[in-house]
Amino acid sequence: MDYPWLHAPAAEVAATARTLLGWELAAGGVRIRLTEVEAYAGTGEDPASHAHRGPTPRTRVMFGPAGYAYTYFVFGMHWCLNIVCGRDGEAAAVLLRAGEVVDGLPAARARRGDVADRDLARGPARLAVTLDVSASANGTCVLDGSGPLLLSPPTRPVSRADVSTGPRVGVAAAHDVPWRFWVTGDPTVSTYRRHVPRRRSRPASGGASVAGGIG
């Protein structure tokens with residue numbers, strides 16, 4: 001499959017993220033419609049991106065080609081799922097933050113328990129659980145059916161007039177960059193929480209406490 005966003009440069013990752021709203025992603029017997037995404041550019045100007053300082057074994061997949069999955073583990077308990085975009089050699093990715101389950105409700109409920117339908121994939125960790133995404137999806141193509149994930153064009157396209165934008169969630173650096181996009185008024189969109197640095201207290205002899213956070 002070939003789509004225009006596959007050829008967009010990493011510098012245009014925000015536009016690519018907006019484009020992916022309404023696209024449908026299937027895995028693990030469940031299909032969701034994307035309702036909230038976040039853009040991250042590895043072009044050296046976005047300190048919130050994992051690829052900000054160049055490729056590492058973890059982030060190499062972010063440097064292309066586009067159309068592949070980038071998964072990572074956070075807080076020792078959650079997987080997050082991204083779609084790689086940008087031209088080959090240019091790092092960029094779109095974090096999938098939330099979606100509406102449009103097929104496979106029994107499988108989704110089996111994984112997520114007794115929660116409201118709107119909460120099944122409401123937030124990046126819940127989305128990954130609902131689709132049964134883990135490390136095995138990392139670096140696999142999401143467009144040709146060769147991997148566990150299959151991304152398809154929207155059956156219900158989202159118009160630009162129906163898209164809202166705002167700051168990204170939970171990042172310490174560049175947290176005010178308005179690269180989070182969501183379908184306006186959709187109940188599956190996650191709640192915005194601005195990053196608050198965690199504080200740790202030093203022993204009394206060590207002076208004042210020091211603020212720190214996770215980027």
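## Some points on helix H1 (residues 13–20)
Link 1 in the chain: Those residues of H1 not exposed but buried are Val13, Ala14, Thr16, Ala17 and Leu20. In a view along the axis of H1, the buried residues occupy a sector of 160 degrees, so they form one face of it.
Link 2 in the chain: Against the buried residues of H1 lie strand S2 (30–41), strand S4 (78–84), strand S5 (92–103), strand S6 (150–152) and strand S8 (180–183).
Link 3 in the chain: Downstream of H1 by a residue or two, glycine 22 has a phi angle that is positive, lying close to 95 degrees.

## Describing unusual backbone geometry
Link 1 in the chain: Here the amide bond leading from glycine 64 into proline 65 is cis, since omega sits at 5 degrees, within 30 degrees of zero.
Link 2 in the chain: Among the secondary structure elements, proline 65 is positioned in the loop between S2 and strand S3 (69–74).
Link 3 in the chain: Of note, the phi angle at aspartate 132 is positive, near 60 degrees, even though the residue is not glycine.
Link 4 in the chain: Here aspartate 132 lies in the loop between helix H3 (124–130) and S6.

## Concerning the environment of proline 9
Link 1 in the chain: Among the structural elements, proline 9 can be located in the segment before H1.
Link 2 in the chain: Judged by its relative accessible area of 15%, proline 9 falls in the buried class.
Link 3 in the chain: With 53 residues separating them in the primary sequence, proline 9 and methionine 62 have C-alpha atoms 13 Å apart.
Link 4 in the chain: Residues contacting proline 9, with those up to four places away along its chain left out, are Gly86, Arg87 and Glu90.

## As for the pattern of salt bridges
Pairing between side chains of opposite charge can happen when the charged atoms of each approach one another.
Link 1 in the chain: Following the criterion strictly, the structure yields nine salt bridges and no others.
Link 2 in the chain: Its salt-bridge partner being arginine 180, residue glutamate 36 comes within 3.0 Å of it at the nearest N-O pair. Pair noted here: glutamate 36 is in strand S2 and arginine 180 is in strand S8, with a separation of 144 residues, a long-range link.
Link 3 in the chain: As a salt-bridge pair, arginine 156 and glutamate 100 come within 2.9 Å of each other at their nearest N and O atoms. Residue arginine 156 is found in the loop between S6 and strand S7 (163–166), and its partner glutamate 100 is found in strand S5; the two are separated by 56 residues along the sequence.

## Notes on the layout of surface pockets
Link 1 in the chain: Taken as a whole, the second largest pocket encloses approximately 150 Å³ of empty space.
Link 2 in the chain: Around the second largest pocket, the lining is made up of 11 residues, and of these Pro47, Ser49, His50, His52 and Arg53 lie nearest the centre.

## Here we look at the side chain of threonine 71
Link 1 in the chain: Take threonine 71: it is sitting in strand S3.
Link 2 in the chain: Contacts of threonine 71, omitting those with residues within four sequence positions, involve Trp79, Cys80, Leu81, Val133, Ser134, Ala135, Ala137 and Asn138.

Each value, and the rule that gives it
- Residues numbered from 1 in each chain as written.
- Predicted model: local features only at pLDDT ≥ 70, side-chain atom pairs only at ≥ 80, totals over all residues.
- Heavy atoms only, no water.
- Buried < 20%, exposed > 50% of the residue type's maximum accessible area, 1.4 Å probe, protein only.
- Helix = DSSP H or I, 4+ residues; strand = E, 2+ residues; numbered from the N terminus.
- Arc of directions from axis to C-beta.
- Contact = heavy atoms within 4.5 Å.
- Salt bridge = Lys/Arg side-chain N within 4 Å of Asp/Glu carboxyl O.
- 1 Å grid on protein atoms, 1.4 Å probe; cavity = no way out; pocket = protein on both sides within 12 Å on 5 of 7 lines; lining within 4 Å.
- Points joined across faces, edges and corners; volume = space filled by probe spheres on them.

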